[in-house]
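Fold and geometry: a report
The primary structure of each chain is shown beneath.
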Amino acid sequence: GENVEQHPSTLSVQEGDSAVIKCTYSDSASNYFPWYKQELGKGPQLIIDIRSNVGEKKDQRIAVTLNKTAKHFSLHITETQPEDSAVYFCAAHISGNTPLVFGKGTRLSVIA
Amino acid sequence: ETGVTQSPTHLIKTRGQQVTLRCSSQSGHNTVSWYQQALGQGPQFIFQYYREEENGRGNFPPRFSGLQFPNYSSELNVNALELDDSALYLCASSLTTGTYEQYFGPGTRLTVT
C-alpha cells in the first residue's frame, strides 16, 4: 500500500522567513496530494492541494510543488507569521475511493 | 470552519467498555470517513461510509464498526475498549465517494483507562 514519509518532524523559523516541508510517497498511482494544518485542539484544516497533472500551485503565501518522477512534493510558506505555528500534514490519495494516507506531521514554530 | 461537527468533544472510558462517537457531515456531503489519530502521529483511516454502506476499511479489527444514517450523519462504535484505543477520532466528509477533497471535524478525544 501507499506510504508517505514527511520531513522534518520539527521546524523553527524566525518570523518573516520561509518554511519548507517535504514529503515522499511510494505508490506512483497516487494522484492527489493535500496539505492539512492542525492547530492545538482542532481537526486538520485543508490549506492547499495539488493534483498529479500540475507541477506547482500557489495560494497567497502558500505554495505546493510536485515532482512525479521523484515521487515527492513540498509545501512552501513564505513570510511566515506566528499564526502559522501548527502541525502540518501531507497526504497522498490514489483515487476518491481510497483513503488518504498521511505523513507523520511537521511541527512548525514561528518565532516572533 | 468546515461545517463538520462531532460529539462528544472529550470522553473517558474504562478498558472493556463500549463507546459511540457521532459525526454530522458538511451540508451536501454524502460520504463520511473516520480516522484515528494517536498522539504525535498522522490520522489513520478506519473506514468510509457512503449511502449508509461501508465503502472501504483500513487495518482495524471488527470491534470498530460504524453506521451512516439517511441524513448522512454517522456513528463510530468501538467495543471492548483497549488502552491503545486512546486517541483523537476524526471524521471527514466529502461531497461524494470518488471526490478527493475531505474536510475534517474537530475530533473526539477518547481516553481509555
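Summarised in this report is the structure supplied together with it. (Residues numbered from 1 in each chain as written. Chains lettered and ligands numbered in written order. Predicted model: local features only at pLDDT ≥ 70, side-chain atom pairs only at ≥ 80, totals over all residues. Heavy atoms only, no water.)

Before going further, it helps to spend a moment on the sheet that holds strand E3 (residues 19–25) of chain A. All names here are of chain A. Judged by pairing direction, the sheet is antiparallel, and its five strands sit side by side in the order E1-E3-E8-E7-E6 without closing on themselves. With partners counted over all chains shown, the strands left at the sheet margins are strand E1 (4–7) and strand E6 (56–59), one partner each. Averaged over all adjacent pairs, the angle separating strand axes in this sheet is 15°, with direction ignored. Across four bridges, E1 lies against E3 in antiparallel orientation. Within the sheet, the bridge partner assigned to Val 4 lies in E3 and is Tyr 25. (Pairing = 2+ DSSP bridges. Helix = DSSP H or I, 4+ residues; strand = E, 2+ residues; numbered from the N terminus. Axes fitted to C-alpha atoms, helices over the stretch in contact; angles between N-to-C directions.)

Taken as a whole and judged by the stated rule, the model has eight salt bridges over all chains. One salt-bridge network, in which partners are shared between bridges, spans Arg63(B), Glu82(B) and Asp85(B). (Salt bridge = Lys/Arg side-chain N within 4 Å of Asp/Glu carboxyl O.)

Residue and element names in this part refer to chain A. Position of Gln 6 among the secondary structure elements: in strand E1. A polar contact is formed between the side chain of Gln 6 and the backbone nitrogen of Cys 90, at a distance of 3.3 Å. A distance of 3.1 Å separates a polar side-chain atom of Gln 6 from the backbone nitrogen of Gly 105. (Polar contact = N/O pair within 3.5 Å; in protein donor to acceptor, adjacent residues only side chain to side chain.)

Moving on: the sheet that holds strand E1 (residues 5–7) of chain B. All names here are of chain B. The strand order E1-E3-E8-E7 describes an open sheet built from four strands, whose pairing is antiparallel. Of all the strands in the sheet, the pair left with one neighbour each is E1 and strand E7 (64–68). When strand polarity is set aside, the average angle formed by the axes of neighbouring strands in this sheet is 20°. The pairing of E1 with strand E3 (residues 19–24) spans three bridges and is classified as antiparallel. Looking across to E3, one finds that Ser 7 is bridged to Arg 22.

So, about the packing of aromatic side chains. Scanning the model with the defined rule gives 13 aromatic pairs over all chains in all. Summarising the aromatic geometry, the rings of Phe89(A) and Phe102(A) are spaced 6.3 Å apart at their centres and angled 85° between planes, so their arrangement reads as edge-to-face. Placement of the pair is Phe89(A) in strand E9 (residues 86–92) and Phe102(A) in strand E10 (residues 101–102), with a sequence separation of 13 residues. Ring geometry for Phe102(A) against Phe104(B): centres 6.0 Å apart, planes inclined by 70°, an arrangement best described as edge-to-face. With Phe102(A) in strand E10 and Phe104(B) in strand E10 (residues 103–104), this residue pair bridges two chains. Under the relative-accessibility criterion, Phe102(A) is labelled buried at 7%. (Phe/Tyr/Trp six-rings, centres within 6.5 Å; stacked < 30°, edge-to-face > 60°. Buried < 20%, exposed > 50% of the residue type's maximum accessible area, 1.4 Å probe, protein only.)

In this section: the interface of chain B and chain A. By a frequent convention, interface size equals the accessible area lost on bringing the separate parts together. Listed per partner, the contact involves 20 residues of chain B and 22 residues of chain A. For the pair chain B and chain A, the two sides together bury roughly 1600 Å², of which 53% comes from carbon and sulfur. Across the contact surface, chain B and chain A share one salt bridge. With a shortest N-O distance of 2.7 Å, Arg51(A) and Glu101(B) are connected by a salt bridge. Scanning the region where chain B abuts chain A turns up four residue pairs in polar contact (both at pLDDT 80 or more). Of all the secondary structure elements, the ones that give two or more residues to the side of chain B that touches chain A are strand E4 (31–37), strand E5 (44–50), strand E9 (87–94) and E10 of chain B. (Contact = heavy atoms within 4.5 Å. Buried area = accessible area lost by both parts, 1.4 Å probe.)

As a further point, take the nonpolar core. Ranked by internal contacts, the top residues of the largest apolar core, which has 24 residues, are Trp35(A), Phe73(A), Leu75(A), Tyr88(A) and Leu108(A). Mapped onto this core, the elements with two or more residues apiece are strand E2 (10–14), E3, strand E4 (32–38), strand E5 (45–51), strand E7 (62–67), strand E8 (72–77), E9 and strand E11 (106–111) of chain A. If we skip the residues at most four places from it in the chain, Tyr88(A) touches Gln6(A), Ile21(A), Tyr36(A), Lys37(A), Ile47(A), Leu75(A), Ile77(A), Gly105(A), Thr106(A) and Leu108(A). Listed in part, the 19 residues of the second largest apolar core include Trp34(B), Leu81(B), Ala87(B) and Leu110(B). (Core = buried A, V, L, I, M, F, W, Y, C linked by side-chain atoms within 4.5 Å.)

Let's shift gears to the state of the cysteines. Residue and element names in this part refer to chain A. The final tally for this structure, using the stated rule, is two disulfides over all chains. With a sulfur-sulfur separation of 1.9 Å, Cys 23 is cross-linked through a disulfide to Cys 90. With the S-S bond torsion at -100°, the cross-link from Cys 23 to Cys 90 turns out left-handed. Taken as a pair, Cys 23 in strand E3 and Cys 90 in strand E9 lie far apart in primary sequence, 67 residues in all. Just as Cys 23 is buried, Cys 90 falls in that class too. (Disulfide = S-S within 2.5 Å.)

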